[in-house]
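Working through the structure, step by step
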Amino acid sequence: MDVVLHIGAHRTASTTFQHYIGENTQTLGLSGLGVWGPRRTRDGLLTGVIPVDEGHTPREQLHRARARIAVNLAKAKAAGVQTLLISDENMIGAPRRNLRKGRLYPDIGDRMARFSAAFDGAISRVAFSIRSHEHYWASVLAFAVARGHKLPTEDCLRDLAATPRMWRDVITDLACALPGAEILVFPYEIFGGIPERSLERMTGLGHPPRRYAREWLNRAPSLNQLRKIVQDRGGDATRLPDGMGRWQPFKTDQVRSMRETYADDLFWLRAGADGLATLTEETGPAKTGQIPRAAQTTRGQDNGIEDRRLA
């Protein structure tokens, strides 16, 4: 039984993908594809892989988690599952920790090494999504503000724009933690709005279902929504710019620098990523700089323009 991990990253349409595979679980099961989404993984299945219980040592917690995971893997295999897809972006950490550290997933290596041990070498493939840095951080910040965080200061934005940690570093740490697994990298700008194509590339499933493939979930709040949220809690909403679209807190020169960093990430991946990972790209319209029509209509005009430019 192949075990495939889909681990995000956050703010790259991971919730949309999980909704899609969750709603199609029965159909996918007919093809021998099993699905464990967040409802399964966050209901005690993975508890202890990352230490949480002060009453037991990290080693004891990992041992219990490994036994629990082994039992569930055996049940899936006995039920006829040929490929098991496990999707949970929280395995690699949380966006709020990224903001506190000012880095992309600074402890992904340590975390995924524990998951590798917990699955006892059963992980055969890992799917990981990346996004242009200025839009990734803008989405993380918008989501954080909506959940009660203060608006970022100029110093915070400057530090994020200049952070030396690239997706290349994140992927390198991931490869070191999972040396026996194939790592597939999916650019959000291509695959964000077409979860069925992501599923096909992750699992090799031919003719994936199209039901629920165009429902967009957990989007970052718009500028208009953010202004209302900040104002309702007594904050200074005038610090946010006018407009109705997506919030881009970074200055033009910062955006340019972050976009160049992302271009370096993609260049490294296209050059072979030092043998550590494989960049997954479309061979059709997106390859030539045109985002598939379905992705454009799902994500709206502003995101469509962003994606066509980045592609």
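The rules behind these values
Residues numbered from 1 in each chain as written. Predicted model: local features only at pLDDT ≥ 70, side-chain atom pairs only at ≥ 80, totals over all residues. Heavy atoms only, no water. Pairing = 2+ DSSP bridges. Helix = DSSP H or I, 4+ residues; strand = E, 2+ residues; numbered from the N terminus. Contact = heavy atoms within 4.5 Å. Axes fitted to C-alpha atoms, helices over the stretch in contact; angles between N-to-C directions. Phe/Tyr/Trp six-rings, centres within 6.5 Å; stacked < 30°, edge-to-face > 60°. Lys NZ or Arg CZ within 6 Å of the ring centre and 35° of its normal. Buried < 20%, exposed > 50% of the residue type's maximum accessible area, 1.4 Å probe, protein only. Patch = residues over 30% accessible without salt bridge, like charges linked within 9 Å, V, L, I, M, F, W, Y side chains within 5 Å. Areas by Shrake-Rupley, 256 points an atom, 1.4 Å probe, with all protein chains shown as cover. Salt bridge = Lys/Arg side-chain N within 4 Å of Asp/Glu carboxyl O. Lys, Arg positive; Asp, Glu negative; His and termini not counted. Charge placed at Lys NZ, Arg CZ, Asp CG, Glu CD. 1 Å grid on protein atoms, 1.4 Å probe; cavity = no way out; pocket = protein on both sides within 12 Å on 5 of 7 lines; lining within 4 Å. Points joined across faces, edges and corners; volume = space filled by probe spheres on them. Nonpolar A, V, L, I, M, F, W, Y, C, P; charged D, E, K, R; others polar. Core = buried A, V, L, I, M, F, W, Y, C linked by side-chain atoms within 4.5 Å.

Quick word on the sheet that holds strand β1 (residues 2-6)
Across the sheet, which stays open at both edges, the six strands sit in the order β2-β3-β1-β4-β5-β6 with parallel pairing between neighbours. With one partner strand each, in any of the chains shown, β2 (33-36) and β6 (278-279) form the two edges of the open sheet. The sheet strands contacting helix α1 (residues 14-23) are β1, β2 and β3 (83-87), and the helix crosses β3 at an angle near 140 degrees.

What about the packing of aromatic side chains?
A full pass over the atoms with the stated rule returns six aromatic pairs. Through pairs of rings, three or more aromatic residues link up here, namely Tyr105, Phe128, Tyr136, Trp137 and Trp167. Directly above the ring of phenylalanine 143 sits arginine 11, whose terminal nitrogen or CZ lies 4.4 Å from the centroid.

Quick look at α1
Extensive coverage of α1 is indicated by the burial of seven of its ten residues. Taken together, the buried positions of α1 are occupied by Ser14, Thr16, Phe17, Gln18, His19, Tyr20 and Ile21. On its buried face, α1 sits against β1, α2 (25-29), β2, α3 (38-45), β3 and α11 (195-203).

Focus: the pairing of β2
On β2, burial covers both faces: Leu33 and Val35 on one face and Gly34 and Trp36 on the other are all buried. Here β2 pairs with β3 via four bridges, running parallel. Bridge pairing in β3 links glycine 34 to leucine 84.

Things to note about a positive patch on the surface
A contiguous patch of positive charge on the surface is contributed by Arg96, Arg100, Lys101 and Arg147. Here lysine 101 is to be found in helix α5 (residues 95-101).

Let's talk about the layout of surface pockets
Roughly 260 Å³ of internal volume is contained in the second largest pocket. Every residue lining the second largest pocket is counted, 14 residues in all, and those nearest its centre are Thr41, Leu46, Thr47, Ile50 and Phe115. If you list the elements that add at least two residues to the lining of the second largest pocket, you get α3 and α6 (108-118). By residue class, the composition of the lining of the second largest pocket is five nonpolar, five polar and four charged.

Structural notes on the pattern of salt bridges
Two side chains bearing opposite charge may form a pair once their charged atoms approach each other closely. Summed over the entire model, instances satisfying the criterion amount to 14 salt bridges. When the shortest N-O distance is used, the salt bridge between glutamate 196 and arginine 210 registers 3.5 Å. Of this pair, glutamate 196 sits in helix α11 while arginine 210 sits in the loop between α11 and α12 (223-232), and the two are 14 residues apart along the sequence. What makes glutamate 196 buried here is its relative accessible area of 5%. Two residues, arginine 214 and glutamate 196, come together in a salt bridge whose shortest N-O distance is 2.7 Å. In this pair, arginine 214 is assigned in the loop between α11 and α12 and glutamate 196 in helix α11, connecting sequence segments 18 residues apart. A network of salt bridges, in which partner residues are shared, links Arg42, Asp88 and Glu89.

Comments concerning unusual backbone geometry
Cis geometry marks the peptide bond from glycine 8 to alanine 9, where omega comes out at 15 degrees. Looking at the element boundaries, alanine 9 is found in the loop between β1 and α1. Its identity is not glycine, yet tyrosine 212 carries a phi of approximately 65 degrees, on the positive side. On the basis of relative accessible area, tyrosine 212 is assigned to the partly exposed category, the value being 28%. Backbone geometry places aspartate 274, a non-glycine residue, at a positive phi of 55 degrees. Secondary-structure assignment places aspartate 274 in the loop between α13 (252-270) and β6. Classification of aspartate 274 as exposed rests on a relative accessible area of 59%.

Notes on the nonpolar core
Within the largest apolar cluster, 66 residues are counted, with the highest numbers of intra-cluster contacts made by Met112, Phe119, Phe128, Trp167 and Leu269. Setting aside residues no more than four positions away along its own chain, phenylalanine 119 makes contact with Val3, Leu5, Leu46, Ile69, Leu73 and Ile86. Formed by 18 residues, the second largest nonpolar core is a distinct cluster that contains Ile21, Leu33, Met202 and Leu205.

Topic: empty space enclosed by the protein
Which parts of space are left empty comes out when a probe the size of a water molecule is rolled across the atoms. By the definition in use, this model includes two cavities of 30 Å³ or more. Of the volumes computed, that of the largest cavity is approximately 110 Å³. Taken together, 15 residues line the largest cavity, and the ones lying closest to its centre are Thr12, Ala13, Ser129, Phe191 and Ser198. Mapped onto the lining of the largest cavity, the elements with two or more residues apiece are α1, β5 (182-187), α10 (188-191) and α11. Residue composition of the lining of the largest cavity, by class: eight nonpolar, seven polar and no charged.

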